[in-house]
Amino acid sequence: MKNIKYIILVLTCIVMQINHSYAQNPKLDSLLLITTTDTYQKAKKDTTRVNLLNAIALEYIYANGYDKSLEFANQALEIADRIHFVAGSVKAQNNIGSVYYNKGEYDLALSYHKKELLESEQNNFKQGIAISLNMIGIAYHNKAEFDKATEHYFRSLKISEQIGDARTSASS
């Protein structure tokens, strides 16, 4: 009888821990709550929806919920591309690249960050260029390709300073 109680206790703790892993993010909970509203369900797929999907994807990255992050980021990317929302597409690609980076899949991360960079350059989206270059530098750094990392960091820093983006500039 003691063994059964012990097994039930252990299983209960495991289930609670699994549920607890996402529940500790009030911002994520609030963002997900928005997606359940009638207004959201009836809303056309526009920039607001892309921004919300990207925000949810980012919060899942912070919570180590990589599969869910990819799900939301891919939805954002699909809508952003369809409506030609460059900033939303770039952010979605950044989220996807960040997921792969966090999973240690640096080549896949680089692939998405390079797509992000190309789209940013084609649309002269300076902040996107700076962020992309910085993320590419980080991925190269983790691949121990320090010359490439340094090159991308300096390019990111230069653009960040030109546009007055202190946040990206500080991380470059």
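In the block above lies the structure referred to throughout.
Description of the structure in this document. Quantities reported herein were computed from a predicted structural model and do not represent experimental measurements.

Side note on the environment of Ile-83
Here is step 1 of the chain: Secondary-structure assignment places Ile-83 in helix 5 (residues 66–83).
Here is step 2 of the chain: Not counting residues within four places of it along the chain, the set of residues in contact with Ile-83 comprises Lys-45, Asp-46, Thr-47 and Val-50.

Things to note about the nonpolar core
Here is step 1 of the chain: Judged by nonpolar contacts, the single largest core of 23 residues is most densely connected at Val-50, Ile-56, Phe-72, Ile-96 and Tyr-100.
Here is step 2 of the chain: For this core, the elements supplying multiple residues, two or more each, are helix 4 (47–62), helix 5, helix 6 (86–102) and helix 7 (106–122).
Here is step 3 of the chain: Counting 10 residues, the second largest nonpolar core, distinct from the first, contains Leu-117, Ala-130, Tyr-140 and Ala-149.

Considering the pattern of salt bridges
Here is step 1 of the chain: Summed over all chains, the structure comprises seven salt bridges.
Here is step 2 of the chain: Ionic pairing is found between Arg-155 and Glu-121, a salt bridge with its closest N-O pair at 3.7 Å. Within this pair, whereas Arg-155 is found in helix 9 (residues 146–163), its partner Glu-121 is found in helix 7, the two being separated by 34 residues in sequence.
Here is step 3 of the chain: Judged by relative accessible area, which is 37%, Glu-121 ranks as partly exposed.
Here is step 4 of the chain: For the salt bridge of Glu-145 with Lys-148, the shortest nitrogen-to-oxygen distance reads 3.3 Å.
Here is step 5 of the chain: Residue class for Lys-148 comes out partly exposed when judged on its relative accessible area of 39%.
Here is step 6 of the chain: One salt-bridge network, in which partners are shared between bridges, spans Asp-107, Lys-143, Glu-145 and Lys-148.

Looking at the side chain of Ser-98
Here is step 1 of the chain: Along the chain, Ser-98 falls in helix 6.
Here is step 2 of the chain: With residues near it in sequence (within four places) discarded, Ser-98 still touches Ile-61, His-113 and Met-135.

Looking at the packing of helix 8 (residues 126–142) against helix 9
Here is step 1 of the chain: The geometry of helix 8 relative to helix 9 is characterised by a closest axis approach of 8 Å and an angle of 160 degrees between their N-to-C directions. By the angle class used here, helix 8 and helix 9 are roughly antiparallel. Considering how the two elements wind past one another, helix 8 and helix 9 form a crossing that is left-handed. Taken together, the residues of helix 9 that come into contact with helix 8 (itself represented by Lys-126, Gln-127, Ile-129, Ala-130, Leu-133, Asn-134, Ile-136, Gly-137, Ile-138, Tyr-140 and His-141) are Phe-146, Lys-148, Ala-149, His-152, Tyr-153, Arg-155, Ser-156, Ile-159, Ser-160 and Ile-163.
Here is step 2 of the chain: Here the contact of helix 8 with helix 9 is composed, by residue class, of 11 nonpolar, seven polar and three charged.

Conventions we followed
- Residues numbered from 1 in each chain as written.
- Predicted model: local features only at pLDDT ≥ 70, side-chain atom pairs only at ≥ 80, totals over all residues.
- Heavy atoms only, no water.
- Helix = DSSP H or I, 4+ residues; strand = E, 2+ residues; numbered from the N terminus.
- Contact = heavy atoms within 4.5 Å.
- Core = buried A, V, L, I, M, F, W, Y, C linked by side-chain atoms within 4.5 Å.
- Buried < 20%, exposed > 50% of the residue type's maximum accessible area, 1.4 Å probe, protein only.
- Salt bridge = Lys/Arg side-chain N within 4 Å of Asp/Glu carboxyl O.
- Axes fitted to C-alpha atoms, helices over the stretch in contact; angles between N-to-C directions.
- Parallel < 35°, antiparallel > 145°, perpendicular 65-115°, else oblique.
- Left-handed = near helix turned anticlockwise from the far one by under 90°.
- Nonpolar A, V, L, I, M, F, W, Y, C, P; charged D, E, K, R; others polar.

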